[in-house]
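Fold and geometry: a report
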Amino acid sequence: MDKTSVYHHIPVLLKESVDGLNVCSGGIYVDVTFGGGGHSKEILVRLGNTGHLYGFDQDEDSEKNIFSDIRFTFVRSNFRYLAHFMDWHNVKEIDGLLADLGVSSIHFDDCNRGFSFRFIGNLDMRMNQRKGETAADILNTYSENKLIDMFDLYGELKNSASIAHAIVQARMQREIQTVQDFLDILKPFVRKGKVEKQLAQIFQALRIEVNKELDALKEMLIQAKQLLRSGGRIAIITYHSLEDRLVKFFFKTGSFYEKIERDFYGNFLSPFKIINHRVIVASDEEVKRNPRSRSAKLRIAEKI
Ligand SMILES: C[S@@+](CC[C@H](N)C(=O)[O-])C[C@H]1O[C@@H](n2cnc3c(N)ncnc32)[C@H](O)[C@@H]1O
């Protein structure tokens, strides 16, 4: 990818998610996954002169898409530091937050980033290329047990132990560096007819581990709960069941770590009112236009 040009990413569930925020013209909003700026642009269209939007992204490339609009501030950071940066900008309360999780399609299809098994290149997978372990580092250094846990938890694979064992054997011969090196190791473990699905699960597990995606999501949701004003909205688009389960659980209980509060009858006492009880998915027309939207799930809640 050209290092200077703006990149384009077709925003998923655009109308549904921004409608879900109930944007009020003077409100303060946060798009924690700015990316190509598609959702941010739509929020700005609905925001008046006194409103403000903060856009977070940890990926350097997203900076090329920053708008020049006095109602917009870009924050180059992982969204797990949401509260810190809002405090730094002297924001005590927000009216809405949107997250469109995962990797932008441009990066997914970039052979230099290593996110996809379809493009042969370095096994990097870091969204923030300034720091942290790459996917190759993980495959070359994690113990066999740690690799098993990773594939079990994040890939929900049935043959995690065999795959982890093969990785440990292979790296004794030669360091694993590229997508092709990894695919060569995986070849005996992917069943014909299910190749795409299994490779997607394996690559997903590795990407979640590299970017600590589930931890970041949990931390951001807890901070969003504190920052949202009463009546403020939160809209989250997920692309796999691990994330969707977390979001669903959080909207229902308002918690991950502390004791979950219940009423006399045992019902959860959540600080959120769920806006869509049935998860929102892309229409057939949207899936046809943008196949990436196929796995998207949108959940919206309102702070009580
Ligand atoms: C699916 S794209 C968002 C696309 C955007 N909604 C649009 O319409 O162009 C997800 C973006 O979120 C960023 N991202 C993912 N996890 C993040 C995190 N924990 N902190 C900050 N940015 C993150 C990725 O770098 C990527 O640019």
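Rules behind the numbers
Residues numbered from 1 in each chain as written. Predicted model: local features only at pLDDT ≥ 70, side-chain atom pairs only at ≥ 80, totals over all residues. Heavy atoms only, no water. Core = buried A, V, L, I, M, F, W, Y, C linked by side-chain atoms within 4.5 Å. Buried < 20%, exposed > 50% of the residue type's maximum accessible area, 1.4 Å probe, protein only. Helix = DSSP H or I, 4+ residues; strand = E, 2+ residues; numbered from the N terminus. Domains from an automatic or database assignment. Contact = heavy atoms within 4.5 Å. UniProt positions renumbered as here; feature names shortened; annotations may be inferred. 1 Å grid on protein atoms, 1.4 Å probe; cavity = no way out; pocket = protein on both sides within 12 Å on 5 of 7 lines; lining within 4 Å.

**Focus on the nonpolar core**
Among the nonpolar cores identified, the biggest contains 68 residues, and Phe151 and Met220 are the most heavily contacted of them. Element by element, the count of residues in this core is highest for helix H10 (residues 213-227), at eight residues. Per-domain counts for this core show at least three residues from each of domain 1 (14-106 + 213-303) and domain 2 (111-211). In contact with Phe151, not counting residues within four places along its chain, are Leu139, Glu156, Leu157, Ser160, Ile163, Ile167, Phe182, Ile202 and Ala205. Among the nonpolar cores identified, the runner-up in size contains 22 residues, and Ile43, Phe67, Leu98 and Ala235 belong to it.

**Some details on the UniProt feature "binding site: S-adenosyl-L-methionine" in the protein chain**
Per the UniProt annotation, the sites labelled "binding site: S-adenosyl-L-methionine" are Gly37, Gly38, His39, Asp57, Phe85, Asp100 and His107. The annotated residues occupy 71 residues of the chain and do not converge on a single region, their most distant C-alpha atoms lying 25.3 Å apart. Checking the annotated residues one by one, the ones that line the largest cavity turn out to be Gly37, Gly38, His39, Asp57, Asp100 and His107. Its location among the elements puts Gly37 in the loop between strand E1 (28-31) and helix H2 (38-46). By relative accessible area, Gly37 is classed as buried at 0%. On the secondary structure map, Asp100 appears in strand E4 (residues 94-100).

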